[in-house]
Amino acid sequence: MINPFATTRLIGRSALLATGIVLASAALAQTVADNQLPETGLNIPANLQIFGKRDPNVRKPTAIVNDAIITGTDVDQRVALLIAANNFKPSEEDRERLRLQVLSGLIDETLQIQEAKANEIKITKEEIDRSFAGVARSFNKPVPELRVYLRAVGSSERSLRRQIEAELSWSRYLRRKVEPFINVGDTEVEGIIARIKANQGAEEFHVKEIYLTATPQTEQQILSEERALILSIQKGEKPFEQIARERSEASTAAVGGDLGWVRAGQLPETLAQAAVEMKVNQLAGPVPVPGGYSILYLVDTRRIGSADARDAVLSLRQISMAFKTGITQAEASEKVAAFAKMTQAIRGCGDVAKAASAFGAEVVDNDAIKVRDLPAQLQDIMLKLQIGEATPPFGSPTDGVRSLVLCGRDDPKAAALPSMEQVRQQMEQRGVNLRADHKLRDLRRDAIVEYR
């Protein structure tokens, strides 16, 4: 299915160009020595001077790409779509940065569509319609309701259909022009499988990071700042991911600080120690790291190739009871106590409907939910429940009180090693992605782009 909200290349905290330096009267600098800066092949002087001035406040919101026009409306509608889809509340500074990133993404989409057409690849209206309907299903909305939703958030059907066309065009171009030339030998595949075997059973951590640089002069300021950020996250004022996008100075800021799945040995020593000692959904920090301090958030843990109890699939019945508006604390406590007594008396899932009906509560079933998809506070409880038992009551004054009754559990099996063919397909896909990146760089280099 087309993912209309892929944000990795669009949302980021890319560095802005520095302000222009006024022309000085000194002579031109000598060529940089090999041991001074990394070799670029561009013959850039070490003590260079900027001849002229660039105003950092000037933004170019539109562009013409090989005679194809990208309007300010195109940019605005895509920005609105991304903000709504990611539940992101950007500051004015972030919104301006996002506009520049979106414009860059729209230029890439234009180049992809143009290259596909140049190779006689055409995406029909019927294909785009089917993908658009698939997006609507992912939103649990009929197509007409999705159109209304897009307009309501400041976007449009046209903006989404343009992205769908670009993704379909580029995908078909890669299948025709790149995939047939990617070949992975048995020796390469066997080497990958051998490495997987060697790491089997090793613990991995899914972590997110907010990194701020610090010097001896700014160390206390950065420590205070990170403690304030931790407090803000714990209070629920802003999600970790939003703060990472706004404040983190690591390259992962663009993806909400997400480092993905890593082993302890792949992290700096201090972060590795923190990850090992943390519990899921816990924050740690400020953690000293080379060049500054980090805030670490542990999303999840797993062992490579091993079964994880939290991957068990549960069959649940939820009993819920709403509180009346304006209920007092004493009344709520009394209701919760009575609700708890009712759930403790349940003897198996067959008894749930009768008990809930007598209490005036509602029952909702879910036969395919993983333990790890539940809130962290409930995961350990669910793992210790026997079939037919209920959790203690949980909820809030606004949402009412709930309890989950365990009706069944399918325990996970130990993960088998991937087959030769599975590994081969993954490696071939990696090769396709690499060549696709190279091709897109070539298209950018050869394109005529006029910013307005």
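Criteria and cut-off values
- Residues numbered from 1 in each chain as written.
- Predicted model: local features only at pLDDT ≥ 70, side-chain atom pairs only at ≥ 80, totals over all residues.
- Heavy atoms only, no water.
- Buried < 20%, exposed > 50% of the residue type's maximum accessible area, 1.4 Å probe, protein only.
- Helix = DSSP H or I, 4+ residues; strand = E, 2+ residues; numbered from the N terminus.
- Pairing = 2+ DSSP bridges.
- Phe/Tyr/Trp six-rings, centres within 6.5 Å; stacked < 30°, edge-to-face > 60°.
- Lys NZ or Arg CZ within 6 Å of the ring centre and 35° of its normal.
- Axes fitted to C-alpha atoms, helices over the stretch in contact; angles between N-to-C directions.

Some remarks on the pairing of strand 6 (residues 292-303)
Okay, so step 1: Counting buried residues along strand 6, nine of its 12 residues qualify, which places the element largely inside the surrounding structure.
Okay, so step 2: Pairing analysis gives 11 bridges linking strand 3 (residues 203-213) to strand 6, with the strands arranged antiparallel. Across the sheet, Lys208 pairs through a bridge with Tyr297, a residue of strand 6.
Okay, so step 3: Relative to strand 6, strand 5 (residues 283-289) runs antiparallel, the two being bridged by five bridges. Paired with Val287 across the two strands is Ser294, which belongs to strand 6.
Okay, so step 4: Where strand 5 folds back on strand 6, the antiparallel hairpin that results is connected by two residues, among which Gly291 adopts a positive phi of roughly 90°.

Digging into the packing of aromatic side chains
Okay, so step 1: Under the criterion given, the structure shown has three aromatic pairs.
Okay, so step 2: An angle of 15° between the planes, with centres 5.2 Å apart, marks the rings of Trp170 and Tyr173 as stacked. In this pair, Trp170 and Tyr173 both sit in helix 5 (residues 157-177), three residues apart, roughly one turn of the helix. Neither residue differs from the other here; Trp170 and Tyr173 are each classed as buried.
Okay, so step 3: Aromatic side chains Phe240 and Tyr297 sit 5.6 Å apart centroid to centroid with 35° between the ring planes, which places their arrangement in the tilted category. Taken together, the residues Phe240 in helix 8 (residues 240-247) and Tyr297 in strand 6 connect sequence positions 57 residues apart. In terms of burial, Phe240 and Tyr297 fall into one category: buried.
Okay, so step 4: Residue placement shows Arg161 over the ring face of Phe132; its charged tip is 6.0 Å from the ring centre.

Overview of the sheet that holds strand 1 (residues 63-65)
Okay, so step 1: Reading across the sheet, the three strands line up as 2-1-11 and stay open at both edges, with antiparallel pairing between neighbours. Edge positions in the open sheet fall to strand 2 (68-70) and strand 11 (449-451), since each of these has one partner strand only. Taken over all neighbouring pairs, the strand axes of this sheet differ in orientation by 20° on average, direction set aside.
Okay, so step 2: Across three bridges, strand 1 lies against strand 11 in antiparallel orientation. Opposite Ala63, over in strand 11, you have Tyr451 as the bridge partner.

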